[in-house]
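What follows is each chain in one-letter form.
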Amino acid sequence: MKYYCEITSWGEESLLFLDDPNANFIIIFNNNAPAELAEFSVLHTPANYNADPAVGDTMIICDKAFTITAIGEEALHTLRELGHCTLSFKGGETPERPGCIMLQGDVALTKDDVRVGAAVEGHCGGRGGCRSSGSSLFWQYDRKYVNISCKRQNVFRIEFQQ
C-alpha cells in the first residue's frame, strides 16, 4: 500500500462539489487544516505515506475503486506535506489544476459514501506492477476487491474482499 488515511470529519461545504457534474471533486486535507480551508475539505488522519501515487495506480475512497489517470505538478508535494489535494472524479489525461489527482471509476462517489473512519488508500497498479516488498496491487472485479500484496521479493499474498 502506497498511501492510507482515514476520514475524521468534513466541512459543511465540502461535499457540495460531488453533486455538481461540472465539478465532481472533493478536496482532502490533514485534520489540522485552517478553519477557512476545513469548511471546504474532507479532513483525514495524517497519512501512512509509503510511496507517491502514480498514474495507473488504484485509489480506494470510501470502499470505491478509482484508477489514477493524471496527477497535477503540485499534487504529490501537497499530499505529502499537508495531506492536501483535489481528487477529481472526471478522469482524463490532463489534470484540471496543479494540485489535482484525476480519477476514473465505474461507480461514482456520493455524499452518502463519505463517513468518519472510511479509508482513502493508494495501491500500486498499472504499467509497472509491484516491485518491492510492502507493495500491493489492488483492483475491483465483479464488485469484489482483489488485493495482491508483495510480502518480500517474489512472495505474494492474494486476498479477495467484498
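Within any chain, residue numbers begin from 1 and follow the written order of that chain's sequence. Given that the model is predicted, a residue must reach a pLDDT of at least 70 before its local features are reported, and side-chain atom pairs must reach 80 or more before they are shown or counted; all residues, however, enter totals for whole chains, interfaces and linings. Heavy atoms throughout the structure, all of them, feed into the side-chain values; hydrogens and water do not.

1. Describing the overall build of the protein chain
Then, number 1: Scanning the protein chain from N- to C-terminus turns up three helices and twelve strands.
Then, number 2: When a residue's accessible area, from a 1.4 Å probe over protein chains only, is under 20% of the maximum for its type it is buried; when over 50% it is exposed; and in between it is partly exposed. Split into buried and exposed, the 162 residues of the protein chain put 44% on the buried side.
Then, number 3: Throughout, a contact is declared for two residues whenever any of their heavy atoms are within 4.5 Å. Taking as baseline every contact in the protein chain between residues at least 6 positions apart, the subset at least 24 positions apart corresponds to 58%.
Then, number 4: When the accessible surface of the protein chain is split by element, carbon and sulfur atoms take 48% of a total near 8700 Å². Comment: elements are numbered from the N terminus, with helices defined as DSSP H or I runs of at least four residues and strands as E runs of at least two. We get accessible surface area from the Shrake-Rupley algorithm with a probe of 1.4 Å; when it comes to residues, only the shown protein chains can shield them.

2. Quick look at the environment of T69
Then, number 1: In this fold, T69 is placed in strand β6 (residues 64-71).
Then, number 2: Its relative accessible area of 19% is what places T69 among the buried residues.
Then, number 3: Sequence separation of T69 and G91 is 22 residues, and the distance between their C-alpha atoms is 5.9 Å.

3. Quick notes on the pattern of salt bridges
Then, number 1: Between Lys or Arg on one side and Asp or Glu on the other, a salt bridge is scored when a side-chain nitrogen of the former is within 4 Å of a carboxyl oxygen of the latter. Tallying each qualifying case throughout the model produces seven salt bridges.
Then, number 2: Note that D52 and R80 form a salt bridge whose closest N and O atoms lie 2.6 Å from each other. Taken together, the residues D52 in the loop between β4 (48-49) and β5 (58-61) and R80 in helix α3 (residues 75-82) connect sequence positions 28 residues apart.
Then, number 3: Looking at R80, the relative accessible area reads 41%, which means it is partly exposed.
Then, number 4: A single network of salt bridges, built from pairs that share partners, joins K90, E96 and R97.

4. Here's the deal with the packing of aromatic side chains
The geometry of an aromatic ring pair is captured by the separation of the ring centres together with the interplanar angle, meaning the angle of the planes.
Then, number 1: Within 6.5 Å between ring centres, the rings of Phe, Tyr and Trp (the latter by its six-membered ring) count as paired, and their orientation is classed by plane angle as stacked under 30 degrees, edge-to-face over 60, tilted in between. Within this structure, the stated rule accounts for three aromatic pairs.
Then, number 2: The aromatic ring of F25 is capped on one face by R97, whose charged end is 5.0 Å from the ring centroid. The rule for a charge over a ring is simple: NZ of Lys or CZ of Arg within 6 Å of the ring centre, and within 35 degrees of the ring normal.

5. Examining α3
Then, number 1: All of the buried residues along α3 are A75, L76, T78 and L79.
Then, number 2: Where the residues of α3 are buried, they touch β1 (3-10), β2 (25-30), β4, β6, β7 (85-88) and β8 (100-104).
Then, number 3: At the exit of α3 stands G83, carrying a positive phi of roughly 65 degrees.

6. What about the nonpolar core?
Then, number 1: With 24 residues, the main nonpolar core has I26, I61, L87, F89, I101 and L103 as its most contacted residues.
Then, number 2: At the level of secondary structure, the elements contributing two or more residues to this core comprise β1, β2, β5, β6, α3, β7 and β8.
Then, number 3: If one sorts the elements of this core by residue count, β1 sits on top with three residues.
Then, number 4: Other than its neighbours up to four places away in sequence, L103 contacts M59, I61, F66, T67, I68, T69, L87, S88, F89, K90 and G91. In this description, a nonpolar core means a group of buried Ala, Val, Leu, Ile, Met, Phe, Trp, Tyr and Cys residues linked to one another through side-chain atoms lying within 4.5 Å.

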